[in-house]
Amino acid sequence: VNIFYISGQYPLVQNLTVTEGGTANMTCRVEYNDNTSLQWSNPAQQTLFFGDKKALRDNRIELVRASWSELIISIHDVTLSDEGMYTCSLFTMPVRTAKAYLTVLGVPEKPQIDGLTKPAIEGDHITLTCMTQGSKPAADLRWFRNEKEIKGAKEVNASGKTFTVRSSLQLHVGRNDDGVAYTCKVDHEALTQTPQQATEVLEVHYAPHVEVTPSLTVPQEGQYLKLECVSKGNPSPDPVMWTKDGGDLPDLDRMIVEGRELTFTSLNKTDNGTYRCEASNHLGTSSAEYVLYVYDPNAIGQHGTDHALIGGVVAVVVFVTLCLIIVLGRYLARHKGTYLTNEAKGADDAPDADTAIINAEGNHAHAEEKKEYFI
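Everything numeric in this text was worked out from a predicted model, so none of it was measured.

Q: Can you break down the overall build of the chain residue by residue, with the values?
A: Looking only at helices and strands, the chain has two helices and 27 strands in total. The proportion of buried residues among the 375 residues of the chain is 31%. Taking the contacts inside the chain whose residues are at least 6 apart along the sequence as the reference set, 59% of them involve residues at least 24 apart.

What follows is the structure in structure tokens.
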């Protein structure tokens, strides 16, 4: 709100911003007035009120207060055509005026989302378009995928005094989009409370994907085993079909099929084989296999003992090998140090490397002689 202060015998007014359909209270005050009348005029220079006398026949315009120091009028159900410069006049000699601009905000309509095909097919490319009309100034449109904001392409077109705003969203549809809510929200200064928004939930059809999950890691004879055919697809691929080694299930007394599950009440060796689960819908077929091998509980215990024994032998062999490497390394390092020491002793008076080695051998022999002499 811009306020213009004029000292002395001048009218005082302020600019107003009102939402379309709201009420505008136009106030004109005078600090010092010697019983001079005040007048409000509209942008067409039509007199609205002269003092407390109504001059224009418009039921939306009413007098709030009239005195020598102020003139307050109200305009109800404001429309976009009411926007403009209003004038307050103080009838002195000469007449003194002050102008206040009334801004009317156009309220954007509830947005609409177009371009959604139901259902969409996995792999489709679709364009969602959100549109709102009647905003002034132009509204802002924001897209959300569930609760996460995503960016769209905005387009603004003028429609008289208001604007039509569109925002487009390009989508490459995948199965992860099934059940996702796409929301278009309108942001505008005229929407002081809950923003206008529209939501569409995407339905995506896709071919099945199948996995087989067993209830046991190491199935043994006599145990209870459940194989679950986990199939995901839209439409849901029900029912699923179970086969063994490419044919029908052989023993329906012990092999029970309930929905997506194949249950063995008591395993035995004859159950060994490849079990296949197959699921279909109108978009395709998917299958998964599980190779069942039923173990002998006694053999599993014996295998465990054998593995422990082998592990112990391997650990001993590794330890002995490491010890031999350490001893051999120290032996080689010690002899290499002796050679270098002897060579250094012969290098004191030698003109070259060969002479140094000969001198070292001589010194070594001399040392042996000294050693024998003392003994």
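Q: Can you lay out the sheet that holds strand β19 (residues 181-187) for me, pointing to particular residues and giving the numbers?
A: Reading across from one edge, β16-β15-β19-β20 is the order of the four strands in this open sheet, with antiparallel pairing throughout. Looking at the sheet topology across the chains shown, the edges are occupied by β16 (148-150) and β20 (197-201). Averaged over neighbouring strand pairs, the angle between their axes works out to 30 degrees when direction is ignored. As defined by bridge partners, strand β15 (residues 140-145) adjoins β16 across three bridges and the pair is classed as antiparallel. If you follow R145 over to β16, its bridge partner there is K148.

Q: Can you explain the sheet that holds strand β26 (residues 273-281)? Please cite residues and give values.
A: With antiparallel pairing, three strands are arranged side by side in an open sheet as β23-β26-β27. Of all the strands in the sheet, just β23 (241-244) and β27 (284-292) have a single pairing partner and so form its edges. Going from strand to strand, the sheet's axes swing by 20 degrees on average, the running direction of each strand aside. Sheet topology note: the β26/β27 ladder contains nine bridges and is antiparallel. In the sheet register, E278 faces β27, and the bridge partner there is S287.

Q: Requested: an account of the pattern of salt bridges, with residues and values cited.
A: Under the counting rule described, the total for this entry stands at 18 salt bridges. Here E289 and R276 are joined by a salt bridge, their closest N and O atoms 3.2 Å apart. A residue pair is termed long-range when its members are at least 10 positions apart, and E289 in strand β27 and R276 in strand β26 qualify at 13 residues. On the basis of relative accessible area, E289 is assigned to the exposed category, the value being 52%. A residue is classified by how much of its surface remains accessible, and R276, at 30% relative accessible area, is partly exposed.

Q: Lay out the nonpolar core in plain terms, naming residues and giving numbers.
A: Grouped together as the largest cluster of nonpolar side chains are 24 residues, with contacts concentrated most on A24, M26 and W40. For this core, the secondary-structure elements that each account for two or more residues are β3 (16-19), β4 (24-30), β5 (38-41), β6 (47-50), β9 (70-75), β10 (84-90) and β11 (96-105). For A24, the contacting residues outside a window of four places in its chain are L16, V18, I73, S74, I75, V78 and L102.

Q: Tell me about the packing of aromatic side chains, and please be specific about residues and values.
A: In this description, a pair of aromatic rings is defined by centroid distance and the angle of the planes. For the structure on display, the rule yields three aromatic pairs. With centroids separated by 4.8 Å and ring planes inclined at 80 degrees, the aromatic side chains of Y293 and Y295 adopt a geometry described as edge-to-face. For the cation-ring pair, K185 lies above F144, with the distance from its terminal atom to the ring centre recorded as 4.7 Å.

Q: Describe the state of the cysteines, naming the residues involved and giving the relevant values.
A: For the structure on display, the rule yields three disulfides. One disulfide in the model links C28 with C88; its S-S distance is 1.8 Å. What sets the handedness of the C28 and C88 disulfide is the S-S torsion sign, and at about -80 degrees it is left-handed. Here C88 lies in strand β10 and C28 lies in strand β4, a separation of 60 residues in the sequence. By relative accessible area, C28 is classed as buried at 0%. For C88, a relative accessible area of 0% corresponds to the buried category.

Q: An account of the side chain of T92 is needed here, citing residue identities and associated values.
A: Relative to the helices and strands, T92 resides in the loop between β10 and β11. With a relative accessible area of 11%, T92 lands in the buried category. Among the polar contacts made by the side chain of T92, one reaches the main-chain carbonyl oxygen of P94 at a distance of 2.6 Å.

Q: So what's going on with the environment of H172? Which residues, and what values?
A: With respect to the secondary-structure elements, H172 resides in strand β18 (residues 162-172). Overall, the relative accessible area of 53% leaves H172 in the exposed class. Put simply, H172 and I126 are 46 residues apart on the chain and 6.7 Å apart in space, counted from C-alpha to C-alpha. With residues near it in sequence (within four places) discarded, H172 still touches G123, D124, H125 and D177. Of note is the side chain of H172, whose polar atom sits 3.4 Å from the backbone oxygen of G123.

Thresholds, definitions, all that
- Residues numbered from 1 in each chain as written.
- Predicted model: local features only at pLDDT ≥ 70, side-chain atom pairs only at ≥ 80, totals over all residues.
- Heavy atoms only, no water.
- Helix = DSSP H or I, 4+ residues; strand = E, 2+ residues; numbered from the N terminus.
- Buried < 20%, exposed > 50% of the residue type's maximum accessible area, 1.4 Å probe, protein only.
- Contact = heavy atoms within 4.5 Å.
- Pairing = 2+ DSSP bridges.
- Axes fitted to C-alpha atoms, helices over the stretch in contact; angles between N-to-C directions.
- Salt bridge = Lys/Arg side-chain N within 4 Å of Asp/Glu carboxyl O.
- Core = buried A, V, L, I, M, F, W, Y, C linked by side-chain atoms within 4.5 Å.
- Phe/Tyr/Trp six-rings, centres within 6.5 Å; stacked < 30°, edge-to-face > 60°.
- Lys NZ or Arg CZ within 6 Å of the ring centre and 35° of its normal.
- Disulfide = S-S within 2.5 Å.
- Polar contact = N/O pair within 3.5 Å; in protein donor to acceptor, adjacent residues only side chain to side chain.

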